[in-house]
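# Notes for the structure review
Residue strings, one per chain:
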Amino acid sequence: MKLLNRSALSVRPTQPFVDWINALEPTMGDDDLTLDDVERESTIYLIPEMDTPEALETFVRDRYVEILETELRAWEEDERQWPDKLDWALFQEFVRVEHSYLAIDLDDETALEISEVDDALLLDSEQD
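Residues numbered from 1 in each chain as written. Predicted model: local features only at pLDDT ≥ 70, side-chain atom pairs only at ≥ 80, totals over all residues. Heavy atoms only, no water.

### Comments concerning the sheet that holds strand β2 (residues 7-13)
Two modes of strand pairing occur in sheets, parallel and antiparallel, and in both the strands are linked by backbone hydrogen bonds. The condition is simple: At least two DSSP bridges between two strands are needed for those strands to be called paired. To qualify as a helix, a DSSP run of H or I must reach at least 4 residues; to qualify as a strand, a run of E must reach at least 2; elements of each kind are numbered from the N terminus. To obtain an axis, a line is fitted to C-alpha atoms, over the contacting stretch when the element is a helix, and the angle between two such axes runs from 0 to 180 degrees between their N-to-C directions.
Spatial strand order, β3-β2-β4: three strands in an open sheet with antiparallel pairing. The strands lining the two open edges of the sheet, one partner per strand, are β3 (43-47) and β4 (95-100). Ignoring strand direction, the axes of neighbouring strands in this sheet form an average angle of 25 degrees. Where β2 and β4 come together, six bridges link them in antiparallel fashion.

Below you can see the structure in the form of structure tokens.
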């Protein structure tokens, strides 16, 4: 078990985000995704260690567009289908952020690997 020198953000969808996803490809009744369905696809972001709520607020406000774009792209790569305005209000409407001060790696067998985020990888993992 290893303590990472990072904090973590769990970015979880809200019902308006799920409604946006479902509006991308209208379906009938039981084929619509639910909040529970989409929450299973929640993203964890490792961030610099944050020791105060003010530092966390500043960090999230500085990076919210990048986080929101990543969340939208995970469901729709065509940016023309995205909401027109990617602002703080939309971020707060579409996701809720949960912070953890500690990030612990429980995998003692596999070393951490670092790679750049690849949009194709995000889309491929959805289809698995």
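### Looking at the packing of aromatic side chains
Put simply, the test is: Note on aromatic pairs: the rings of Phe, Tyr and Trp (six-membered ring only in Trp) are paired at centre separations within 6.5 Å, and the planes decide the class, stacked below 30 degrees, edge-to-face beyond 60, tilted for the rest. The classification of residues rests on relative accessible area computed with a 1.4 Å probe and restricted to protein chains. Under 20% of the type maximum is buried, over 50% is exposed, and intermediate values are partly exposed.
In this structure the tally under the stated criterion is six aromatic pairs. Consider the rings of Phe17 and Trp20, whose centres lie 5.7 Å apart with planes at 25 degrees: the pair is stacked. Remark: Trp20 and Phe17 occur in helix α1 (residues 15-24); sequence separation between them is three residues, near one turn of the helix. Residue classification places Phe17 among the buried residues on the basis of a relative accessible area of 1%. Taken together, a centroid distance of 5.4 Å and an interplanar angle of 20 degrees make the contact between Trp88 and Phe91 stacked. Taken as a pair, Trp88 and Phe91 lie in helix α4 (residues 88-94) at a separation of three residues, close to a single helical turn. For the residue pair Trp88 and Phe91, the accessibility class agrees, reading buried in each case.

### Examining empty space enclosed by the protein
Heads up, the rule is: Here a cavity means grid points, on a 1 Å grid over the protein atoms only, where a 1.4 Å probe fits yet cannot get out; a pocket means an open set of points with protein on both sides within 12 Å along at least five of seven lines; lining residues are those with an atom within 4 Å of a point. Grid points are joined across faces, edges and corners, and a volume is the space filled by probe spheres set on the points. Charged residues are taken to be Asp, Glu, Lys and Arg, nonpolar residues to be Ala, Val, Leu, Ile, Met, Phe, Trp, Tyr, Cys and Pro, and polar residues to be all remaining types, Gly included.
Following the criterion strictly, the structure yields one cavity of 30 Å³ or more and no others. If you add up the space inside the largest cavity, you get close to 30 Å³. Contributing elements (two or more residues each) for the lining of the largest cavity: β2 and α3 (53-75). For the lining of the largest cavity, the class distribution of residues is five nonpolar, two polar and two charged.

### Considerations on α3
What counts, and what does not: To obtain the bend at a residue, axes are fitted to the seven residues ending there and to the seven starting there, and the angle between these axes is taken.
At Arg63, α3 is deflected by roughly 60 degrees, the largest bend along its length. Of the residues making up α3, those classed as buried are Leu56, Phe59, Val60, Tyr64, Ile67, Leu68, Glu71, Leu72, Arg73 and Ala74.

### Overview of the layout of surface pockets
Its boundaries defined by the atoms lining it, the second largest pocket holds a volume of some 210 Å³. Forming the boundary of the second largest pocket are Ile21, Asn22, Leu24, Glu25, Thr27, Asp31, Asp32, Leu33, Trp75 and Glu76. Element by element, the count of residues in the lining of the second largest pocket is highest for α1, at three residues. Here the lining of the second largest pocket is composed, by residue class, of four nonpolar, two polar and four charged.

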